[in-house]
Amino acid sequence: MRYRNPGKGVPGPEIAGKLTIKTGKNAGQHPSVASVHRALADAEETGGQR
């Protein structure tokens, strides 16, 4: 299954592969596709503001 960022047309797995977790026990690893999808959905819901 592929997730796409509707604004950019970039597949979720490609986004996840380019990101790296900076802190915590998973530091240095890539986030899961599900985590990227949740983050994009949350950003879209809040208008990109945190």
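Residues numbered from 1 in each chain as written. Predicted model: local features only at pLDDT ≥ 70, side-chain atom pairs only at ≥ 80, totals over all residues. Heavy atoms only, no water.

Caption draft 1: Highlighting the overall build of the protein chain. Of the regular secondary structure elements, the protein chain holds two helices and zero strands. Here the protein chain, with 50 residues, has 12% of them falling under the buried criterion. When contacts within the protein chain are restricted to residue pairs at least 6 apart in sequence, long-range pairs at least 24 apart make up 17% of them. Of the roughly 4,100 Å² of accessible surface on the protein chain, a fraction of 52% belongs to carbon and sulfur atoms. (Helix = DSSP H or I, 4+ residues; strand = E, 2+ residues; numbered from the N terminus. Buried < 20%, exposed > 50% of the residue type's maximum accessible area, 1.4 Å probe, protein only. Contact = heavy atoms within 4.5 Å. Areas by Shrake-Rupley, 256 points an atom, 1.4 Å probe, with all protein chains shown as cover.)

Caption draft 2: A look at the pattern of salt bridges. This model, assessed by the stated rule, comprises one salt bridge. In this structure, lysine 18 engages glutamate 14 in a salt bridge whose closest nitrogen and oxygen atoms are separated by 3.5 Å. With lysine 18 and glutamate 14 both in helix H1 (residues 12–18) and four residues apart, the pair spans about one turn of that helix. The exposure class of glutamate 14 is partly exposed, given its relative accessible area of 40%. (Salt bridge = Lys/Arg side-chain N within 4 Å of Asp/Glu carboxyl O.)

Caption draft 3: Spotlight on the environment of alanine 34. In this structure, alanine 34 sits in helix H2 (residues 33–46). By relative accessible area, alanine 34 is classed as partly exposed at 38%. Counting along the chain gives 22 residues from alanine 34 to glycine 12, while the straight-line C-alpha distance between them is 8.4 Å.

Caption draft 4: Up close: the environment of lysine 18. For lysine 18, a relative accessible area of 64% translates into the label exposed. Between the C-alpha atoms of lysine 18 and proline 31, which are 13 residues apart in sequence, the distance is 9.3 Å.

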